[in-house]
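# Structural overview for review
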Amino acid sequence: MGWFSWKKKEKKPVEPPSAEELWTSCSACKGMLFKEEWIKAWKVCPICGFHEKLTARERINQLVDQKSFHEFDARITVSDPLKFKDDKGSYAEKAEQTKDKTGLKEAVITGRGKITDIRVVLAVMDFNFLGGSLGSGTGEKIFRAIEYALRHRMPLLIVSASGGARMHEGIISLMQMAKTSAALARLHEAGIPYISLLTNPTTGGVSASYAMLGDLNIAEPGALVGFAGRRVIEQTIKQKLPDEFQTAEYVRDHGFLDMVVPRKELRDTLGRLFRYLQNAKVE
Amino acid sequence: MGWFSWKKKEKKPVEPPSAEELWTSCSACKGMLFKEEWIKAWKVCPICGFHEKLTARERINQLVDQKSFHEFDARITVSDPLKFKDDKGSYAEKAEQTKDKTGLKEAVITGRGKITDIRVVLAVMDFNFLGGSLGSGTGEKIFRAIEYALRHRMPLLIVSASGGARMHEGIISLMQMAKTSAALARLHEAGIPYISLLTNPTTGGVSASYAMLGDLNIAEPGALVGFAGRRVIEQTIKQKLPDEFQTAEYVRDHGFLDMVVPRKELRDTLGRLFRYLQNAKVE
Amino acid sequence: MYLDFEKPIEELENKIRDLSAIRESKPEVQSEIESLQKQLQEITRSIYERLTPWQTVQVARHPERPTIRDYIANLFTDFLECCGDRAFGDDPAICGGFATFEKFRVMAIGHQKGKTVEDNIRCNFGMARPEGYRKALRLMQLAAKFHLPVLTFIDTSGAFPGQDAEERGQAEAIARNLREMSRLPTPILCVVTGEGGSGGALGIGVGDRILMLGNAVYSVISPEGCASILWRDGSKAPEAAEALKITAPALLKLKVIDEIIPEPPGGAHRHPEGTMIAVRKALRKHLADLKGMSIKKLLNKRYEKYAKLGR
Amino acid sequence: MYLDFEKPIEELENKIRDLSAIRESKPEVQSEIESLQKQLQEITRSIYERLTPWQTVQVARHPERPTIRDYIANLFTDFLECCGDRAFGDDPAICGGFATFEKFRVMAIGHQKGKTVEDNIRCNFGMARPEGYRKALRLMQLAAKFHLPVLTFIDTSGAFPGQDAEERGQAEAIARNLREMSRLPTPILCVVTGEGGSGGALGIGVGDRILMLGNAVYSVISPEGCASILWRDGSKAPEAAEALKITAPALLKLKVIDEIIPEPPGGAHRHPEGTMIAVRKALRKHLADLKGMSIKKLLNKRYEKYAKLGR
Ligand SMILES: [Zn+2]
Ligand SMILES: [Zn+2]
């Protein structure tokens, strides 16, 4: 189709947008949402307050001051140390499909940017990329981001959204827990601030490594935060778990999160917290 | 009475020792004990294993290599910062009576000595002296012992036996908790070993300061170890507490004691532990 | 709520209220009101100048006395509460978080008492469990890492004497705090605002400066507890309160505290605003002072401070 | 107990036993016994040389496989067990204490599996709770303070997935251990002796050298778990075991482990003594090696080791 025919199509009498384009429904309360407003509210349901997952790009757009973001290591991508295959095919193929679908090369975007005018290093996970799983590429990008923060003495924010280690990379993915934690040890020793933001869901190997190691751990309302899966636990203890089990609020009340912050306050709160962690001059 | 008459008395036909001299009964199981053997066994009941309280002198004799003990600060004694009186009289009088009764000047004896040939600094509390309460003299002696250990880089053993702070000295006795803990902070920073031995009973302000701050906390079997008193807790929760509550074994299983060591193994175990904490050459 | 020794105050205040109600119709009562108000001021001052130790205890425990929430609201801008001990739980009996005091960024930590019954049940009447002391320590260490001074507000009848608290190591938690606070590499400024109850108070009370409100008390044991042990009669608490020397002036003399923050006559519960002004002034002075010192000097002085006590 | 692929071994051992029983009356069977024993040796070796990953899993989980108690009893003199995390409890699923290995004083820590049902219930089948990981960390920090190397023995199907363990912060406990172990200023030598189950294994598994017994496995997820997720069929565990590359040779190739400690043919459960000799030899070599390094160099190398993984 040439340029001309495109143009022609555009000139067609404008049809009213379809209902699908205008409306969506909340995946929690099923309430009808006016899409444009919902997206403007960073996908928080105005009816029930449910915080829908954000992509890494959306998250960066929400948190980082306009035009201040510079990405690191955009070319680092999935590797396949085990040449892993399951009955539905190879991990390599699956990764390619995921890359096409998401436009990402790994389950995390890293870079530097400003949050309310404070320079920070960011690593933002994307659940759409293989469930935000921690593979060797993910780990390497986060590791490098931490080392960048260390070299430049810049505060660090990691936004987690992950089901845990990426089993297709076997033991190598498990080792990313140790690798990222080792880098955080150096950051900690150097006295550089690190805030961990846990979003829905943050579980398994990610919660059992960098996500729980913030100077401050904060989470979004209702986010699932835990180590083992609910079903596994129920099978183990042969008992139903309470509904609020492993919600951010529950985990906070059990001592592991400093605060639960609604998405619309996040950017501001992060800015304020980083100012404390840098003992910034009071304005 | 002159020397001569003494001599004469001794020459009197020897009467068999009285039952009271020969026998005693276990304060736990009430079993009859042959006194000489019981004392030789460091007052551990051969029937039920109950560990009777030892005086500070007995404890030192048990633990320290013969003739190796040199006492510190033997002249430090009770002070009376509040000029405290209750309805039975003054603290000053009570302290004098206690001194006469016990032959001690404070609720702790400090000094240096050897345990299985390892040079250590010791502070050994005596429950007979005002319930082993932590007064300003007690605190000062322990503080000085810690500073001695620090100066000479010698490992430290504190043997606690105390009902807690000495209320007759009011806030000053409370401050001994902070004072001794501050000295232990320096010892800790200097990497000098400290073993805390908790004996029956170790409660209140003593358990909430130096007694719980050992690199290793060890206790004798059945020793009462806790912060608040059983009666106070029962009044608070309006419920009977389990019998084993606040026993050494219970406290160990709740994570606060490294081990419970029978008295007859104490000296040997302490020697072995100090060898580890000094990374001594393996013989 | 009036304390029993506040009877004359109550009577005068009632009279003034009654007269004020009819002032519109009878303007001539105005001068009587004014003279009663003067009387009220004087009688309040004279009562509060002569409080016995036991009366001071009652003021220190007054249910309307400002709590840490009041201090936070009045002294700080930009408070951000931080929860949890990262081990077992978040204890509402200890409240802590980042706070901005004038030009200072600080970490504020204190016992939390409630003003209503529900509130008090939630925060356990300000009696902390081990997780509370461990949360406090975590926040203090966080503060030290980022060079923020620590302010603590002490107001507790004591550490909670419950089975669970014992099992989770009340003694260990307090002991560890004493040790770690004594060497925490950042200024620590403590204010006893109400009840300074024994180890439960000291657990967040080791620092470079210990300030105390005029009607606060600080004691190794509650007067009731002491009376029931030494007098074998809990009702002898007034005698015990006297003997234990638990008031701010007595503690200043003993050098356990560094300064008294005066309360307006009638007490902090009657005049919270005036109290806040006094606390603000004291904090400003001592914070500036401590911030001007090197950490090394600070820690040496802190050590010496405790070394000297009871010598 | 024989594993299903050990049938030929079982048959031969039964035959040898039967013949041995009648050897007294029929001395002529002696030569047959001897030939059967040779056969047994060969068949054992050939089976164990060709174990599939899934068979290796079964060997690694063998109920008669040596546990940490066996290693302690055989490798160490003067073991002194230390309990408790100083915060909540003492987790019997983790065993730790001072130990003397030849000329070295060390801190030994490992997962504790039982051999009987009661034993296993007591130690929760080697599945640790947060207090177990925290106890391990406490002991490691104690070791570092006193310059003792740390030896860890890894044998767990995973961290305990229970409600209480989640509530007390299983994730936080493991995460903290990873961070702290990576910078612990003393040598850390880890041995995977049986099952290396995911984060529960790694939680005491970060160190300077990672050794692994020949028939041990180490995996990011159990083969059953992986199969039920990716194959949607738990019975495909053998396929998953194959795909996950969890055997010692595969992990050596991936540079996740540094050395394989060979087990005698027939496995550690069949030949504990031979296994102990091999482990002793490996520990001796690596401990001497690590003790010869400065802490600075040690920590840099440890960091590099993990930095390189997955690059
Ligand atoms: Zn909704
Ligand atoms: Zn007995």
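Residues numbered from 1 in each chain as written. Chains lettered and ligands numbered in written order. Predicted model: local features only at pLDDT ≥ 70, side-chain atom pairs only at ≥ 80, totals over all residues. Heavy atoms only, no water.

## Section: the overall build of chain A
When helices and strands are tallied, chain A shows 11 helices and 11 strands. Here chain A, with 283 residues, has 56% of them falling under the buried criterion. Residue pairs at least 24 apart in sequence account for 67% of intrachain contacts in chain A once pairs closer than 6 positions are excluded. Total accessible area on chain A is roughly 12,700 Å²; 52% of this is exposed by carbon and sulfur atoms. Considering chain A, the positive charge centre built from 42 side chains and the negative charge centre built from 35 side chains are found 4 Å apart. (Helix = DSSP H or I, 4+ residues; strand = E, 2+ residues; numbered from the N terminus. Buried < 20%, exposed > 50% of the residue type's maximum accessible area, 1.4 Å probe, protein only. Contact = heavy atoms within 4.5 Å. Areas by Shrake-Rupley, 256 points an atom, 1.4 Å probe, with all protein chains shown as cover. Lys, Arg positive; Asp, Glu negative; His and termini not counted. Charge placed at Lys NZ, Arg CZ, Asp CG, Glu CD.)

## Section: the interface of chain C and chain A
Taken together, the contact between chain C and chain A spans 30 residues of the former and 27 residues of the latter. Of the roughly 2,200 Å² buried between chain C and chain A, counting both surfaces, carbon and sulfur atoms make up 53%. Sorting the residues of chain C by area buried against chain A places C:Arg86, C:Arg105 and C:Phe146 first, and these three jointly supply 35% of that buried surface. Applying the counting criterion to the chain C and chain A interface returns 4 salt bridges. Where C:Lys145 meets A:Asp215, a salt bridge forms, and the shortest distance between an N and an O atom there is 2.6 Å. At the surface where chain C touches chain A, the tally comes to 15 residue pairs in polar contact (both at pLDDT 80 or more). Those elements giving two or more residues to the side of chain C that touches chain A turn out to be strand S1 (77-81), strand S2 (94-101), strand S3 (104-111) and helix H6 (130-145) of chain C. The element contributing the most residues to the side of chain C that touches chain A is S1(C), with 5 residues. Of the residues contributing to the side of chain C that touches chain A, the split by class is 14 nonpolar, 5 polar and 11 charged. (Buried area = accessible area lost by both parts, 1.4 Å probe. Salt bridge = Lys/Arg side-chain N within 4 Å of Asp/Glu carboxyl O. Polar contact = N/O pair within 3.5 Å; in protein donor to acceptor, adjacent residues only side chain to side chain. Nonpolar A, V, L, I, M, F, W, Y, C, P; charged D, E, K, R; others polar.)

## Let's talk about the interface of chain D and chain A
Interfaces are often sized by the accessible area lost when the parts come together. At the interface, 47 residues of chain D touch 52 residues of chain A. For the pair chain D and chain A, the two sides together bury roughly 4,300 Å², of which 70% comes from carbon and sulfur. For chain D, the biggest contributors to the area lost against chain A are D:Glu166, D:Arg179 and D:Tyr303; these three give 17% of the whole. Summed over the shared surface of chain D and chain A, the result is 3 salt bridges. A salt bridge links D:Arg311 to A:Glu140; the shortest N-O distance between them is 3.0 Å.

## Concerning the side chain of A:Ser136
Among the structural elements, A:Ser136 can be located in helix H6 (residues 136-151). You can call A:Ser136 buried: its relative accessible area is 1%. Reaching out from A:Ser136, the side chain makes a polar contact with the side chain of A:Ser79 at a distance of 2.9 Å. With residues near it in sequence (within four places) discarded, A:Ser136 still touches A:Ser79, A:Glu169, A:Ile172, A:Gln176 and D:Gly310.

## Overview of the coordination of the zinc ion (ligand 1)
All names here are of chain A. Summarising the metal site, the zinc ion (ligand 1) is bound by the protein donors Cys26 (SG), Cys29 (SG), Cys45 (SG) and Cys48 (SG), whose distances to it range over 2.2 to 2.3 Å. With 4 donor atoms in place around the zinc ion (ligand 1) and angles of 106 to 114° between them, the coordination shape is tetrahedral. Donor residues for the zinc ion (ligand 1), ordered by position in the chain, follow C-x2-C-x15-C-x2-C. (Donors = N, O, S within 2.8 Å, 3.2 Å for Na, K, Ca; no water. Tetrahedral: all angles 85-135°; square planar, octahedral: opposite > 155°, others 65-115°.)

## Brief notes about the pattern of salt bridges
In the structure shown here, the tally under the stated rule is 92 salt bridges over all chains. We note a salt bridge from D:Arg270 to D:Glu13, for which the minimum N-O separation is 3.9 Å. Of this pair, D:Arg270 sits in the loop between strand S8 (259-261) and helix H13 (272-291) while D:Glu13 sits in helix H1 (residues 7-22), and the two are 257 residues apart along the sequence. Using a relative accessible area of 22% as the deciding quantity, one classes D:Glu13 as partly exposed. A cluster of three or more residues bridged by salt bridges with shared partners is formed by A:Asp73, A:Glu140, A:Arg144, A:Lys179 and D:Arg311.

## Description of the coordination of the zinc ion (ligand 2)
Ideal geometry at a metal centre: 109.5 degrees between donors when four sit tetrahedrally, and 90 or 180 degrees when six sit octahedrally. At this site the zinc ion (ligand 2) is bound by B:Cys26 (SG), B:Cys29 (SG), B:Cys45 (SG) and B:Cys48 (SG), with donor distances of 2.2 to 2.4 Å. Sequence positions of the donors to the zinc ion (ligand 2) reduce to the motif C-x2-C-x15-C-x2-C.

## Here we look at a positive patch on the surface
Residue and element names in this part refer to chain C. There is a patch of like positive charges on the surface, built from Lys255, Lys297, Lys301 and Lys308. Summarising the element assignment, Lys255 is placed in the loop between helix H12 (248-253) and strand S8 (259-261). According to the relative accessible area criterion, Lys255 is exposed, its value standing at 64%. (Patch = residues over 30% accessible without salt bridge, like charges linked within 9 Å, V, L, I, M, F, W, Y side chains within 5 Å.)

## Some words on the sheet that holds strand S7 (residues 118-125) of chain B
All names here are of chain B. If you trace the 7 strands from one edge of the open sheet to the other, you get S3-S6-S7-S8-S9-S10-S11, paired in mixed fashion. Either end of the sheet is taken by a strand with one partner, and the two such strands are strand S3 (70-72) and strand S11 (259-260). Inspection of the sheet shows strand S6 (residues 108-115) paired to S7 by 8 bridges, in the antiparallel sense. Note that in S7 the partner of Gly111 across the bridge is Leu122. (Pairing = 2+ DSSP bridges.)

## So, the confidence of the model for chain A
Confidence in the prediction for chain A averages 94 pLDDT; 95% of positions are at 70 or higher. Taken as a whole, residues 1-6 of chain A scores under 50 in pLDDT and shows 1 contact with residues more than four places along the chain or in a different chain. (pLDDT = per-residue confidence, 0-100.)

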